[in-house]
Amino acid sequence: MRETLLNALAILNEESGAHVDLYYAGDAGDVPFIPNALTVRFQDIRECCPTQPCPDGVVNNNPLGQASSWNCGSEGSGVAIFLKNCDGTVRDWRTSFSPGLGIMFEGVLVHEIVHAVWGILHTDAGGSSVMIPAYVQDTHNAFRHLFTIDANTIELRSGLSSRVASYTTSTTGVSWSAPQLVTSHYPERFTTVGPAIARRATLPGQSSGEVLVAWPNMDVRAWRARFGVPGSGGAFTPPASYPSNAAGRRLPVAVSYSAYGEVAVAAVGPCGAGSVHCPIHTAWSSNLGGSWVQSSIEAGFGTITRPVLEYDGYRDRFVLFFIRASDGYLYSTWRAAAPGGWWQSPVLASSHRRYRFLGGAVFHPSGAPNLLTAAQDDPDIATMHRMVQLAVNVTGGGSTYTLGSPGNLGSAFQNYRTRRPFGMAYDAGTDRTRIVWRGNNASRALFSTDRVGTGTGFFGSPVELMPNAVNSVDLTRTSSSWVATLSAL
Ligand SMILES: [Zn+2]
């Protein structure tokens, strides 16, 4: 139950840009509402008529859950989840993200918290919003998600205009500099969904170590991108250009550079009424965003969380991995990085496990081995959201990118866990792979760890970089340093 509640809040935070954290108060039973707090509790049955079907004139009122209409301030607010059916049997709850029959506990929690904290009312049936009354959602996984209009409302009421922070470290060191908050160079209002970052190769006549930062903008609900060179201490110079993309795109963004200066972006689009999946919009530019060629991943393959977009230099391709919203499996697609490329039809990359959040991908300059990281979400794994390494299976000029089981690389990251998208990057010069992530709800700190070599071993012990990271984190490697970006309190 506790895990599921934390997951529900992670969904709200990532999809709406709100920043709500939850601290477990213990199994306190039927506790009173607490001022300035949301209390979630569980009860057997709210109200039932004595026999089924109900006698004439008697209303069966046995919802799955109920949210108080109190003010969230001096009165506190509350959510009650009703665990049993009218006949006293326990409902067929599912507490993790797995397809099948049963009532998805997580979806019910998201629904009731949105009522209780933000006062958002029901959405009419016919779409896939979590705000459709919960009793018609039972068999659908996609119903954990917010319609974009709901997410926008939450964001405007409760989202922080969070600052983007970057961290840098020298070529091989594990000690990181103090954060460089880049609000002065990014005067826009951000969502708290973390920014994405990519490095640009050093090309003749172009700046060395330039990086691209892209993020969802709070006001225009578009993704925007800036280019700049982190100077000494990690400060970003003023951006070289400032393109903005089509309006209406507000959810997590992924970016990548090719070795020849092309840029690719993938942004998760609005989850509108009537659509089961949130579409993935893509954009490609050969002139630093002066103009963009845009397209969308084909219908039916949407996601909810930040995809991984990485350049495969050996094959000169942009490769996209994403978690399909409807089943939690990993899918992949790619396009040639050069002008004239197009995205291939997505393929099922792995049905071995289900996943909740993606980390990053590393494509080795020699073509192999290649690596993807993700946080898994699987009911038969005792440790949910454990970060794992997955082998990327592509040989030669292969036409698909599939994933091996975690066993293919021998190990997980010990037991590191996260509930947000995280970042990974590789330094070919020192053969070092580095990872940054936001801790789970018990520890919201920003952590880093690394490993030399491309074998199957553990990464090193985590290094804590800062205490309060918000939502997703990304990492890239410039010619001289590692740069992590995140939104911070
Ligand atoms: Zn409701």
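Everything discussed here concerns the structure shown above.
Residues numbered from 1 in each chain as written. Predicted model: local features only at pLDDT ≥ 70, side-chain atom pairs only at ≥ 80, totals over all residues.

(A) Here's a closer look at the overall build of the protein. Counting its secondary structure elements, the protein contains 3 helices and 29 strands. When each of the 489 residues of the protein is scored for burial, the buried share is 50%. In the protein, the proportion of contacts linking residues at least 24 apart, taken out of those at least 6 apart, comes to 55%. (Helix = DSSP H or I, 4+ residues; strand = E, 2+ residues; numbered from the N terminus. Buried ≥ 20, exposed ≤ 12 C-beta atoms within 10 Å, placed from the backbone. Contact = placed C-beta atoms within 7 Å.)

(B) Focus on the sheet that holds strand E11 (residues 253-257). In space, the 4 strands of this open sheet follow the order E11-E12-E13-E14, with antiparallel pairing throughout. What marks the edges here is a single partner per strand, and that holds for E11 and strand E14 (293-296). Put simply, the sheet's adjacent strands are angled 15 degrees from each other on average, direction ignored. For strand E12 (residues 263-268) and strand E13 (residues 280-285), the ladder comprises 6 bridges, and the chain directions are antiparallel. By the bridge assignment for E13, Val268 is matched with Ile280. (Pairing = 2+ DSSP bridges. Axes fitted to C-alpha atoms, helices over the stretch in contact; angles between N-to-C directions.)

(C) Inspection of the sheet that holds strand E24 (residues 423-427) at higher detail. On the basis of which strands lie adjacent, the open sheet formed by 4 strands has the order E24-E25-E26-E27 and antiparallel pairing. Each edge of the sheet is formed by a strand with only one pairing partner; in this case those strands are E24 and strand E27 (463-466). Ignoring strand direction, the axes of neighbouring strands in this sheet form an average angle of 25 degrees. Where strand E26 (residues 446-452) meets E27, 3 bridges bridge the pair, whose relative direction is antiparallel. Following the sheet pairing, Leu446 is matched in E27 by Met466.

(D) Structural view of the pairing of strand E21 (residues 386-393). Of all 8 residues in E21, 7 are buried; the element is thus mostly enclosed. Pairing analysis gives 6 bridges linking strand E20 (residues 370-376) to E21, with the strands arranged antiparallel. Within the sheet, the bridge partner assigned to Leu372 lies in E21 and is Leu390. The sheet contact formed by E21 and strand E22 (residues 402-403) spans 2 bridges and is antiparallel. When the sheet's bridge partners are listed, Val392 is paired in E22 with Leu403.

(E) Quick peek at the nonpolar core. With 82 residues, the main nonpolar core has Val255 and Phe321 as its most contacted residues. By size, the runner-up hydrophobic cluster in this structure holds 31 residues, among which are Val40, Val108, Phe147 and Ala151. (Core = buried A, V, L, I, M, F, W, Y, C linked by C-beta atoms within 7 Å.)

(F) Summary view of the environment of Phe42. With respect to the helices, strands and loops of the structure, Phe42 is situated in strand E1 (residues 38-43). Along the backbone, Phe42 and Phe82 are 40 residues apart, and their C-alpha atoms lie at a distance of 6.1 Å. Beyond its immediate stretch of four places on either side in the chain, Phe42 contacts Ile81 and Leu83.

(G) Representation of helix H2 (residues 105-118) in the model. End to end, H2 covers 20 Å across 14 residues, agreeing with the expected 20 Å (1.5 Å per residue, within 8%). The buried count for H2 comes to 13 of 14 residues, which makes it a mostly enclosed element. (Expected span 1.5 Å × (residues − 1).)

(H) Structural context of the environment of Val90. Position of Val90 among the secondary structure elements: in the loop between strand E3 (77-82) and strand E4 (93-94). For Val90 and Asp44, which are 46 residues apart along the polypeptide, the C-alpha to C-alpha distance reads 8.2 Å. Discounting residues that sit within four places of it in the chain, Val90 has contacts with Leu83 and Lys84.

(I) Representation of unusual backbone geometry in the model. The residue after Ala368, namely Pro369, is reached through a cis peptide bond having omega -5 degrees. Inspection of the secondary structure assignment puts Pro369 in the loop between strand E19 (355-362) and E20. Not every positive phi belongs to a glycine, and Asp316 is a case in point at roughly 50 degrees. Structurally, Asp316 can be placed in the loop between strand E15 (308-312) and strand E16 (317-323). One non-glycine residue, Asp431, lies in positive phi territory at about 55 degrees. One can find Asp431 in the loop between E24 and strand E25 (432-438).

(J) Highlighting the environment of Cys86. Note that Cys86 resides in the loop between E3 and E4. In this structure, the C-alpha to C-alpha distance between Cys86 and Ile45, residues 41 residues apart in sequence, is 7.0 Å.

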